[in-house]
Amino acid sequence: MVLRIELLNNITRYTAVQRKLHWVVVLLISSQYLLQVPMRAAMANLERNQTLGAVDFLVTTIHTWGGAAAGAIMVYRLWLRVQRPVPVGAGTLHGPWRWLASGMHWAFYALVLFMVLTGLLHYYLELERAANWHEKGEWLLLGLIGAHVLAALLHHLYKKDAVLGQMWGSKPPH
Ligand code: HEM
Ligand code: HEM
């Protein structure tokens, strides 16, 4: 009986670890965008062969290690998701909406890993083409985040369902 309830719970919502890691990645990726101006300035200083000041060093360290950490967490989350599939939209979506929501989630995994890869190739191997891809990826990822946040808010404010609630906080919705 307990096992049956646990199984039912398992297939309808994300675990506390999945929910917490979702918000850790949101914080890490937000800092990548918030620090983009100082990051650009730090790279310009590096290209002019100047020694990096304390602020530049801090900004590049947060960007590179923060990005790598976001990528590693996404790989772990991908593994969790494959191990224990949760229906998208808390099971409220059907037909093309379900495919769209699912496609957007998979696009997040692919795009964040693409950003980490192109960032690494640009930063450590100084590959100019990777810098262009990193820049294009930034806009794609930003667009995807915008659509994702809009969808989450529409579920919460318009459809008034459990989709946002199941990802927010450490406790599952009622
Ligand atoms: C950097 C920003 C973000 C990224 C990369 C991201 C990524 C993801 C991914 C990959 C999933 C699928 C769940 C999983 O596989 O574990 C997801 C689900 C979800 N996210 Fe985000 N997210 C971001 C920001 C946000 C924000 C700001 C909100 C709220 C306003 C939000 C609300 C949700 C909700 C409600 C779900 C569950 C959707 C469902 O089950 O269909 N996300 N997110
Ligand atoms: C989640 C992963 C990542 C995201 C979302 C991200 C996002 C960004 C953003 C928004 C910028 C500002 C670019 C501009 O407008 O000029 C940037 C620049 C940069 N990123 Fe990332 N990044 C990520 C991971 C990484 C990683 C892991 C590295 C290296 C190890 C890296 C290396 C760089 C470099 C070198 C620049 C400066 C580009 C320039 O010369 O202007 N990034 N990134």
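Okay, so let's go over this structure. (Residues numbered from 1 in each chain as written. Chains lettered and ligands numbered in written order. Predicted model: local features only at pLDDT ≥ 70, side-chain atom pairs only at ≥ 80, totals over all residues.)

**Looking at the site of ligand 1**
And then number 1: Close to ligand 1 lie 21 residues; Ile29, Val88, Phe108, Ala152 and Met167 are nearest.
And then number 2: Every element with two or more residues in the shell around ligand 1 is listed here: α2 (16-34), α4 (54-83), α5 (95-125) and α6 (128-159).
And then number 3: With 5 residues, the single largest contributor to the shell around ligand 1 is α2. (Near = placed C-beta within 6 Å. Helix = DSSP H or I, 4+ residues; strand = E, 2+ residues; numbered from the N terminus.)

**Quick notes on the site of ligand 2**
And then number 1: Inspection of the region around ligand 2 gives 24 residues, with Gln36, Met43, Thr64, Gly67 and Gly119 positioned closest.
And then number 2: Where the shell around ligand 2 is concerned, the elements lending two or more residues are α2, α3 (36-47), α4, α5 and α6.
And then number 3: Per element, the largest residue contribution to the shell around ligand 2 is 7 residues, and it comes from α5.
And then number 4: Here the shell around ligand 2 is composed, by residue class, of 13 nonpolar, 8 polar and 3 charged. (Nonpolar A, V, L, I, M, F, W, Y, C, P; charged D, E, K, R; others polar.)

**A short note on the environment of Met74**
And then number 1: Of note, Met74 is situated in helix α4.
And then number 2: According to the C-beta neighbour criterion, Met74 is buried, with 22 such atoms within 10 Å.
And then number 3: Met74 sits 49 residues away from Val25 along the chain, and the two C-alpha atoms are 7.8 Å apart.
And then number 4: Aside from chain neighbours lying at most four places away, what touches Met74 is Val25, Tyr109, Val112 and Leu113. (Buried ≥ 20, exposed ≤ 12 C-beta atoms within 10 Å, placed from the backbone. Contact = placed C-beta atoms within 7 Å.)

**Some words on the environment of Pro85**
And then number 1: Examined against the element boundaries, Pro85 turns out to sit in the loop between α4 and α5.
And then number 2: On the neighbour-count criterion, Pro85 (10 C-beta atoms within 10 Å) is exposed.
And then number 3: Sequence separation between Pro85 and Tyr14 is 71 residues, and the spatial gap between their C-alpha atoms is 8.9 Å.

**Some remarks on the packing of α2 against α4**
And then number 1: Relative to each other, α2 and α4 sit at 150°, their axes nearing to 9 Å. Comparing their axes, α4 and α2 come out roughly antiparallel. Seen from above, α2 lies across α4 with left-handed handedness. Only Ile62, His63, Gly66, Gly67, Ala69, Ala70, Ile73, Met74, Arg77 and Leu80 of α4 make contact with α2, whose side of the interface consists of Gln18, Leu21, Val24, Val25, Leu28, Ile29, Ser31 and Gln32.
And then number 2: Its residues assigned to classes, the contact of α2 with α4 shows 11 nonpolar, 6 polar and 1 charged. (Axes fitted to C-alpha atoms, helices over the stretch in contact; angles between N-to-C directions. Parallel < 35°, antiparallel > 145°, perpendicular 65-115°, else oblique. Left-handed = near helix turned anticlockwise from the far one by under 90°.)

**A look at the environment of Arg77**
And then number 1: Within the secondary structure layout, Arg77 lies in helix α4.
And then number 2: Using a count of 21 C-beta atoms within 10 Å as the deciding quantity, one classes Arg77 as buried.
And then number 3: Separated by 60 residues in the primary sequence, Arg77 and Val17 place their C-alpha atoms 9.1 Å from one another.
And then number 4: Not counting residues within four places of it along the chain, the set of residues in contact with Arg77 comprises Gln18 and Leu21.

**A look at the packing of α4 against α5**
And then number 1: Look at α4 against α5: their axes get within 9 Å of each other, and the N-to-C directions meet at 145°. Considering the relative orientation of α4 and α5, their crossing is left-handed. Across from Thr64, Gly67, Ala68, Ala70, Gly71, Met74 and Leu78 in α4, the residues of α5 making contact are Tyr109, Val112, Leu113, Met115, Val116, Gly119 and Tyr123.
And then number 2: Taken together, the residues of the contact of α4 with α5 break down into 10 nonpolar, 4 polar and no charged.

**What to know about α5**
And then number 1: Helix length check: α5, at 31 residues, gives a terminal C-alpha distance of 44 Å against a target of 45 Å (1.5 Å per residue), a fit within 8%.
And then number 2: All buried positions along α5 are accounted for by Val112, Met115, Val116, Thr118 and Gly119.
And then number 3: The inward-facing, buried residues of α5 contact α4 and α6.
And then number 4: Positive backbone phi, approximately 50°, marks Glu126, located one or two places after α5. (Expected span 1.5 Å × (residues − 1).)

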